[in-house]
Every structure is written in structure tokens, then in C-alpha cells.
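Below are the chains, spelled out letter by letter.
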Amino acid sequence: MTDANDPESTDSCSLTEEEVEPKLKYVRLSNDLKNILSEEAISCIAVHPRFLCLGTHWGRIHMLDHQGNRVETLINLRQNPHILSVNKISVDSKGEYIGTCSDDGMTIINGLYTDENNQKLNVGKVIRAVELDPLHYKSGSGRRFLIGDHKLVLYERTFLKGLKSTVLSESEGAVSAIKWNGQFIAWASSLGVHVYDLSERCSLGLIKWEEPKEGKLTDFRCNLSWSNSATLLIGWVDTIRICVIRKRNPIEVSTRNLPAHIVDPMSTFQTEFYVCGVAPLESHQLVVLGYPKDRDSETNKALRPILCVLQYKASDYIEICTDSLSMRGYQEYKCDDYHLDCLIEENQYFIVSPKDVVVASLYETDDRVQWLIEHGKFEQAMDVIAKNGGKYSIVTVARLYLDHLLSLQQYDEAARLCLRAFQNDKQLWEEEVYKFVKEKQLRSVSAYIPRTADCRLNPHVYEMVLYEYLQLDPEGFLGLIKEWEPGLYNTKAVINAINDHFNKKDANILLEALAILYSHEKEYDKALTMYLKLQHKEIFELIKRHDLYSVIKDTIVQLIELDSENAIQMLLEKNKIPAEDVVQELEGREEFLYRYLDAYDKIDSSGKFHWKLVKLYAVYEPAKLLPFLKRSNNYPIQEAFNICKDKLFYPEMVYLLGRMGNTREALSIIIHKLKDIQMAIEFCKEHDDMDLWNDLINESVEKPYIMTKLLDGIAGFINPELLVNKIKTGQEIPGLKNSIIKMLCGFSLQVSIQDGCNQILVSDYFNMHERLAKVQQRAMAVSVDTTCGLCRRDIIVKDHLRTDVVVFNCRHFFHETCLPDKYNLEFCTVCKSRKP
């Protein structure tokens, strides 16, 4: 961290390394502190949430607030409490008393607001460390404090306000540092760091420290800090150790007579610099003030001190960030000239040199966002705001980011940013879109401009986009015309713009756009004209969508020329266009007329245009003519025959002659034109006319090959004798023997079948007669529910007079006495059925 300007005149610090997002921000204290440092040099510091307490090499104590302003207290009003450098300052937890020690051998306890409990103790030795009980402010606490020379001594007030001293531990050399935390005291000697338990009045052990490779351990100040009630941070020379105080197993304590607590080293690692101070940050993170081991290569003077944020592990660490600090006069300072103190709750770290105090604090959300913006890291800034909030808004950063992207000509990225940041904010879109207008890059943002009902911009915005596309990208212009709803913009204005910028090069594209726009304006005749000019098949969809059947009569031929299948399908839709109108329009284009009528015939059974279809089938698809003639009765037969005669369509002529009754001429065509004997035979069979058979037989007399086929095919239709008698003596007929045998076999089989049928018929007759007789002779049951068909009384009655019952085949029952003529009982009087 270096200043951009002269370190003597600036009040801030900055980074010297590459611009990586910092973890900490720095402010150099000034105000009254500036005047103090102009005369004196700082030797130590104590930080309390309410104030700063500075000790100087002149033996003075200065009370300041956190901005460097002098605080009026009793201490500031007194003369110098010490005559030599102040080595250590300690403040109780409530900030009501401070303790100081000095090279002059004096240890002084002063109240900030009262002199009642002040203490002044002269031990006649250099005192490097003093520590007040955090509860020193309490009247019943004994006003305890610790000092260290060659032993660790606890002082407390007695009942008579005297001082009672207790040696807690003899030291191996001078005590260089003390930190009090609840019942535990950590202190450093020339061998290492001790932890003492005040509750049990025993030492928890010694954490030994290795001697450095250069110099002695006592040449370096031990830096102690409690991060919580049980975690001790130690930074000494170039080694950092994190220790945790935990309770022992109760069984182990009772059986082995050991202290209730034990100190466990949790992490130990070596740094590349000398440690000037260590303080906690987040979980498993430390803030370390370091003094570089290397010297300036040119002047051999000290380098700038560094402040590191470390993530520690069991035996190693990860350097999260390291800032090089521009402290005034750093070139002349030694490692112990620097101090680090902190306010853990506020994450503030006070870095002290003889002529400087710099406060480092964690980057808050707004600080991070500002730094990211200043260094062009807008994406990260927006993410931080989205996650943590703050005084900056995403929109504010997005606008700056948008300007940045446009300056780099990253237009697509800028457009996507607008969508993400502005979303459905109409005002923002309308304000920021003009930045793209200046760059002529509305095309980049066109895909992202909101078009929903929730957020619809001023029509002028959409028109500007369309104008830019029209001038620079006609195909893209057409794409937007197809995609965008017409309500977004003024369609008439866009039509005028197309007419103003029309050019032959893009004529097809522009005509299609005009067709769509005219459709939006409901000027469908103009839209149809455009599509016809383009020969564009979209015209069919336009007609269907807007029901334009009534206006396309004059364009039917053009529509079929464009797409005959689609056009005819459309013309066939019921109740849309009268078939008579279509036929009238297509009279001059027989091929189109044929296609239409052929399709029309499949959906209409009236046959009103069959008279036209005969000629059209004969010209365009003769294969369909004969099936059509057979299934239709709605055409003039003679005209159809003439057409077929002109075209020499013999099968069709045969069929039509058959319908007209001229079967003999039809047979002649079959024999002489088609030369299809099998067809002739089938024709004779169909009409079953003896004259036709005679004509066919006469034709076959002179043609032996015909004779053979006749012999094979006439069995069952005419007497074969007629054909055999026509065979001349000595006439050679190929296959005659086989044909006659086949014919005779067939004839014999036919006779046999007839005989069999006759026998079956006779047998069935007698069987059925016998069965009928049995049925007629069968008795009929009369139930008690049966009534007389005339008197409607029960047939069976209990009467001394006997009454006969008459039953007929129709199941009508009568009392004999009820019949009008009991002597004429052949027929039922109800249904005239004969009795059984």
C-alpha cells in the first residue's frame, strides 16, 4: 500500500501490487495527532472502543478519539507522567483506568475521570510490560494489575488501601509482554510464552520459542493477542502460533493431580517477514503486521512494512492479500518500532509507527462496490450489490457499466446488460436506449427491448430500431416486421419510410415488408398485390386469416400459377367462392380448369360439371376417363362418344356404345380394333345377347386362335354345339382337342351339378313337408290364463256342463259355444287362420 502522492501530505494509503480486490481499506489519522507527531514520536499504543491512548518517547500520554482529535481527560491535563519512553499502555475493559510503564522504572495507574485510585510504583528497574485486570474499574476487584521485570508480579489493593504484591512466576530473563484474559494470563520471557491460571494459581506450561537465525530472541518483541476467551495468538520473530486453552478430562485431573486446563498449539507456521503484530479477523484468518527481512537493494534501508490477511492451517497458511504500507519515515525504522492493535468488534486495525497512525478496516459492501467500479469490475460490483445491498443500486452500476461496454464497442454485451439490469423499467429503457442510437447500434439491443404489455416503450423507440434496420440491414428489418406486434409502432410511418428508402437491390424484402404492414393497416388489396408481385405463398395464409375470398376472384389464375395445389385447396373450401365463378375465371386456362374440376368432383356428388370433365380427362389424364364414364350419368353420351372417337379411345367407345345399345358395333371394335377376344367374350357374357354370340362365332370361324378361346370360355353360356358345328372339316385349329375336352368336361360338370342340385331340392322338399306335418299334428297346451277370443273369459272353467275348446294355428282359442257357426270351423274368426 503506497500513497499516490507524497506520504507526508496525504491522508490515505493505496496498493503497490497489481490491482486485486483489497480486503482492507486504510485511513491515516491526522487532526490533533498531526501536531503531536510534529514534535514527538510514538513508542506504544492502546486502543479502546472509546478512545486511543498513545505513549511517546518523551514519556507523555496522549488521549485521542478515533479520528485523531484530542480528548480532554485528567491525563491530558497532567504533566509528563514519565521521564523516559513509555514502553506499554494497558486499559481496563470499561476504559476508566490506564496503566503505563517506562524505562524510568515507574509503573503508573491513572483514572481517566478520578484520582481516587491512582497508583504510582517505582521498582527501580526497566519495566517492559504492565497489564491491568480487565475488571480493574470494579471497586471490589482489588484493582489488580501485573508488571514484569525479571519475574511476573501481581499487585492488588488491600483493605487499608495498601498494595500487596504476589510473585506469580520467576522469569528466565526480562518479561517482555503480558496479556490478561479472564482467569488466564499470557506472558513472554526469554525462553518463550507462559500461560498462567489465576483461578488455580498455577502455570499451564511454557510454549518454547526457537532462537532466530539472525540475532537473539530478546531482540524482538513478542506480540500477544487474545482472539476470544480461549484462543491465544502469538507472533514472535517470524513465527506465528495459535493456541487454544481447553479443559482436561476430569479423571485425568483427579488421578494425576494436573491443572484443570491445558494449552494446545493448534497451528504453527513461519512467515517470510518479521512479525510486528498479530490480530484476529474472521474464522481461521489473521491480520498480521510484518517487517520485511530484505533491505532496499540500493540504499540498504528498510522496506515498507506490510499488512497481511492470512488464512492459517495446521502448519501453513494461505496469503489472502498483502498490502505494502507507506508509513512516514519507514526507511529508518526497525521491527519493534511498529505496533498493531485492534478493535475486534469493529474490525478496525491500528498500525502505529513513530510518526504515523494508520487505521485499517474491512472493506464494507459500499467500499467493495466503489473499488470494483473504479477498476472496471462492474459484473462483480453488481453481484455484490445483489447479494448484500448497500448505498449503490444495481441500476447505478449498470449505467456505468453500459457506458464502459459501449466505449469498448462491446454492443452485444451492453444489450444483454440492459435486459438484466433494467428488466421492465420503462423509464430506464427509454433513457438508456439513446446511447445505442448515438453508436448506431440499436440492432444489438433490438432483441432485448421489452415488448410485453407490462412494459411497452414509446412507439418512437421501436420506430428508431426499425429505421436503423431499414437503412443498414433490410433482412433484419423484415424479421422484426414479422416478429413484432403492429401495436408497438406506427405502421403508416414505417410504410412511408420504406417508400422513401425503396431500392431495387432489396425490392423483394421491402415488398414483403410492405405486404405485412398493409395487412396490419387492413389494406388487404394492397397486401395481396405485394404478395402477387413477389409470388409469395404467404398470400394464401393472408386470405384465410382475413377471409379475403370475396376479393380474390380476379386473381384466381395468378394464385394457381403460384401454387396450384394450395390454391385449388383454398378454392374448394365450402361457402367461400362459388364454383361457377371459379370455372368462369378458368375457362381460358383448361389445364387449371381440369385440376380444379378434378378436385371439385371428389367433394361434390351433384355432377354439374361432368360434361366438362369428359373432354378435360380426354386431354389431360385419359387413364381417368373410363372410370369416370362408368361412375357418372351426368354427361351427354353422344358428345362423349364423339370425343372418344376423335381420340381413338376404343375401350371408352365400347363402353359408351354399350350404354347406347349399339352392342354389335361395340363388339366389332373389340374384335377389330382392340383385338381382345377375352374382352369380347366377357362383353357377350355381360350383355347375354344371342346375336352378339353369333357375331363372335362367325368372326371366329376363319380365325382358329379365336375358336380355341371361344371353346374355353363359352361353357355355361351357349350351347357348345353351335360353335362345334361351325368348324369345317379338315380345318386345323391349334389345341382343339384340349379345348373340346375342357369344354366337354365343363359341360359334363355343369350337368352333374344340375342333377345334384335337383336331387337336393327334391330331398329338401320331402323333408320339409314331413317336418311340417309333424308340427301341424303336435298337441297344443292350454293354460289357465288363456282366454276365449270372443267372450274374453277363461277357456278352462269349472262348470258341470262340459264345454269343448277350439284351437287354431294362430294360437287363438275359443269356446265352441261362442263360435257363431260351430259347424263351419275351418278358419279363425279373428285372423282367418286355418285350424290345426
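Residues numbered from 1 in each chain as written. Predicted model: local features only at pLDDT ≥ 70, side-chain atom pairs only at ≥ 80, totals over all residues. Heavy atoms only, no water.

Going by this rule: UniProt positions are given in the numbering used here, feature names are shortened, and annotations may be inferred rather than shown by experiment.
Going by what an unreviewed UniProt entry lists, the chain is known as Vacuolar protein sorting-associated protein 41 homolog and is assigned to Culex quinquefasciatus. Under the Sequence similarities (unreviewed entry) heading, UniProt states for the chain: "Belongs to the VPS41 family." Under the UniProt heading Function (unreviewed entry), the entry covering the chain gives this text: "Plays a role in vesicle-mediated protein trafficking to lysosomal compartments including the endocytic membrane transport pathways."

Here's the deal with the overall build of the chain
Let me state the cut-off plainly: Secondary structure elements are taken from DSSP: a helix is a run of H or I of four residues or more, a strand is a run of E of two residues or more, and numbering for both begins at the N terminus. Three exposure classes are used, based on accessible area relative to the maximum for each residue type with a 1.4 Å probe and protein chains only: buried under 20%, partly exposed in between, and exposed over 50%. In this analysis, two residues are considered to be in contact whenever any of their non-hydrogen atoms come within 4.5 Å of each other. Every accessible area reported is derived by Shrake-Rupley at a probe size of 1.4 Å, with residue values counting cover from the shown protein chains alone.
Along the backbone of the chain there are 29 helices and 29 strands. Across the 836 residues in the chain, those meeting the buried criterion constitute 46%. For the chain, restricting intrachain contacts to residue pairs at least 6 apart in sequence, the fraction spanning at least 24 positions comes to 48%. Accessible area of the chain: about 43800 Å², with a carbon and sulfur share of 48%.

Here's the deal with the environment of Ser-90
Heads up, the condition is: The term polar contact refers here to a pair of N or O atoms within 3.5 Å; inside protein, the definition further demands a hydrogen-donor-capable atom paired with an acceptor-capable atom, and it admits residues adjacent in sequence only when both atoms are side-chain atoms.
In this fold, Ser-90 is placed in strand E5 (residues 86–91). As for Ser-90 and Ile-45, which are separated by 45 residues in sequence, their C-alpha atoms are 8.8 Å apart. Residues contacting Ser-90, with those up to four places away along its chain left out, are Tyr-97, Ile-98, Gly-99, Val-130, Glu-131 and Leu-132. One polar contact links Ser-90 to Glu-131, side chain to side chain, over a distance of 3.5 Å.

A few points about the pattern of salt bridges
Put simply, the rule is: We count a salt bridge whenever a side-chain nitrogen from Lys or Arg sits within 4 Å of a carboxyl oxygen from Asp or Glu.
One pass over the structure, following the stated rule, counts 31 salt bridges. Between Arg-595 and Glu-591 there is a salt bridge, and its shortest N-O distance comes to 2.7 Å. With Arg-595 and Glu-591 both in helix H19 (residues 590–603), this residue pair falls 4 residues apart, about one helical turn. The partner of Lys-624 in a salt bridge is Asp-598, and the shortest N-O contact between them spans 3.2 Å. Placement of Lys-624 in the loop between helix H20 (610–620) and helix H21 (625–631) and of Asp-598 in helix H19 is noted, with a sequence separation of 26 residues between them. Residue class for Lys-624 comes out partly exposed when judged on its relative accessible area of 28%. A relative accessible area of 10% places Asp-598 in the buried class. Connected through salt bridges with shared partners, the residues Arg-399, Asp-403, Glu-431, Glu-432 and Lys-435 form a single ionic network.

A short note on helix H18 (residues 579–586)
Test applied: Within this analysis, the arc is defined by the directions that extend from the helix axis to the C-beta atoms.
Taken residue by residue, H18 has Ala-579, Val-582, Val-583 and Leu-586 as its buried positions. Along the axis of H18, the buried residues cluster in a sector spanning 100°; they form a single face. In this fold, the buried residues of H18 make contact with helix H16 (556–562), helix H17 (564–571), H19 and H20.

Here's the deal with a nonpolar patch on the surface
Cut-off, in case you're wondering: Each patch is assembled from residues with relative accessible area greater than 30% and no salt bridge, linking like charges that lie within 9 Å and nonpolar side chains (Val, Leu, Ile, Met, Phe, Trp, Tyr) that lie within 5 Å.
Side chains of Val-762, Tyr-765 and Phe-766 sit close together on the surface and give an oily, nonpolar patch of about 340 Å² of accessible area. Of note, Phe-766 is situated in helix H29 (residues 736–777).

Observations concerning the packing of helix H22 (residues 637–647) against helix H23 (residues 650–660)
Formally: Axis geometry follows a simple rule: fit a line to the C-alpha atoms, using only the stretch in contact for helices, then measure angles between N-to-C directions, giving values from 0 to 180 degrees. In these notes the angle categories are as follows: under 35 degrees is roughly parallel, over 145 is roughly antiparallel, 65 to 115 is roughly perpendicular, and the rest is oblique. Helix crossings fall into two classes, left-handed where the near helix is turned counterclockwise from the far one by less than a right angle and right-handed where it is turned clockwise. Residues are grouped as follows: nonpolar covers Ala, Val, Leu, Ile, Met, Phe, Trp, Tyr, Cys and Pro; charged covers Asp, Glu, Lys and Arg; every other residue, Gly included, is treated as polar.
Packing of H22 against H23 leaves a shortest axis separation of 9 Å and a crossing angle of 155°. As the angle between them shows, H22 and H23 are arranged roughly antiparallel. Seen along the crossing, H22 lies across H23 with a hand that is left-handed. In this structure, H22 uses Ile-637, Gln-638, Ala-640, Phe-641, Cys-644 and Lys-645 to contact H23, whose residues at the interface are Glu-652, Met-653, Leu-656, Leu-657, Arg-659 and Met-660. Tallied by class, residues from the contact of H22 with H23 come to 8 nonpolar, 1 polar and 3 charged.

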